[in-house]
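A structural walkthrough
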Amino acid sequence: MLHRTSLSHADINHHLKNVGQTNDDDISISETALLIAAQDRQSNTIDRYRDHLDNLVLQTEDLLIQIKQHKDNLGLNDILNSIETVLYDINGYKGDTETYDSLDNANLIAVIERRKGLPIVLGILYLHIIRSLNFKQPLLAAGLNFPGHFLIRISYEKEHVIIDPFERGKIRDTPWLRATLKNFLSDQAELRAEFTQSVSNRNILLRLQNNIKVRLIQAEEPEKALEVLEKMLLIAPDEPAIWHEAGMLQAFLNNILAAIKTLEHYLLIEEDHRGLMEASQMLQKLKAQLN
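Summarised in this report is the structure supplied together with it. Keep in mind the model is a prediction, meaning the values are calculated, not measured. Counting of residues starts from 1 at the beginning of each chain's written sequence and follows it residue by residue. Per-residue local features of the predicted model are confined to residues with pLDDT of at least 70, and side-chain atom pairs are confined, for both listing and counting, to 80 or more; whole-chain, interface and lining totals are unaffected and use all residues. Note that the side-chain values use all heavy atoms of the structure and ignore hydrogens as well as water.

**Some words on the side chain of Asp 78**
Within the element layout of this structure, Asp 78 appears in helix H4 (residues 76-90). Here the term buried applies to any residue with accessible area under 20% of the maximum for its type, exposed to any over 50%, and partly exposed to those in between, with areas from a 1.4 Å probe on protein chains only. A residue is classified by how much of its surface remains accessible, and Asp 78, at 12% relative accessible area, is buried. One polar contact links Asp 78 to Lys 71, side chain to side chain, over a distance of 2.8 Å. Contacts were defined at the residue level, with two residues in contact if any of their heavy atoms lie within 4.5 Å. With sequence-adjacent residues up to four places away left out, Asp 78 is seen in contact with Leu 64, Ile 67, Lys 71 and Asn 73. A run of DSSP states H or I qualifies as a helix once it reaches four residues; a run of E qualifies as a strand once it reaches two. Both are numbered from the N-terminal end. Counting of polar contacts relies on pairs of N or O atoms within 3.5 Å, with two restrictions inside protein: one atom must be capable of donating a hydrogen and the other of accepting it, and residues adjacent in sequence are counted only when both atoms are side-chain atoms.

**What about the pattern of salt bridges?**
Any carboxyl oxygen of Asp or Glu within 4 Å of a side-chain nitrogen of Lys or Arg constitutes a salt bridge here. Applying the stated criterion to the full structure yields 16 salt bridges. For Arg 192, the salt bridge goes to Glu 194, with nearest N and O atoms at 3.0 Å. Judged by its relative accessible area of 44%, Arg 192 is partly exposed. One network of salt bridges, in which partners are shared, links Glu 31, Asp 47 and Arg 50.

**Examining helix H3 (residues 47-68)**
Across its 22 residues, H3 extends 32 Å between first and last C-alpha, which sits within 8% of the 32 Å expected from 1.5 Å per residue. Three or more residues of H3 are buried, namely Asp 47, Tyr 49, Arg 50, His 52, Leu 53, Leu 56, Val 57, Gln 59, Thr 60 and Leu 64. The secondary structure elements touched by the buried residues of H3 are helix H2 (29-40), H4, helix H5 (108-114) and helix H6 (119-132). Given the number of residues in a helix, its expected span is that number minus one, multiplied by 1.5 Å.

This is how it looks when you write it as structure tokens:
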């Protein structure tokens, strides 16, 4: 974590590069998402937003202390109800259904200021709270590999639930998962085990950035989309798919030397042969333009 100080663009890039070299379990999703958000908004501090995240934890702890005064043991429902009260009732967070595709919905600082956002950003708030609580029994939370809608599995003692941070932490059952999957993919899509598997902290950060990148491409802002991909490479320097996409976008923007360097690196680290031909052909084309 960075100390309380003024942040420059270089400071943030240095931190993101460190994230790229850090073991996944040691990555703070909320801290990294705040730094990325600050860079995108050209803000030189995240102190106020760190304090807000810490306060969410303190408010949740206070509610749980009050509940514990009236019962011997806390259950998972007590934890879920406390977080729901803190996030949605006390602090007024909600899923943004009116301007869902706004870039602000994928920026943690903007979400804190506006109190609304995408499922994945509200999910980051959940993860921050749960992972900051102190329990004798393991209290675990993980983002899931569910397509199109970010969900979280929360486990406490012998209880396990999947919750939807976009809908006040509503518990989602198998029929809902199946129907949502078919709606997002196709009527032929089936609910497979991989869709409810846990994803890494790094994957959550990449998924957050991918939300931004997709919206920028749809808005026909490829230069800004490339900046997002460059952040993703800092966070995940060993992901071939990101190198491939960055190189192809650099080529599209006629950044020939950068594209050559990026695609050459991609060809060195890619183990899946399916993407090699396209990259090799583009590389030959780019090098021919230098002659």
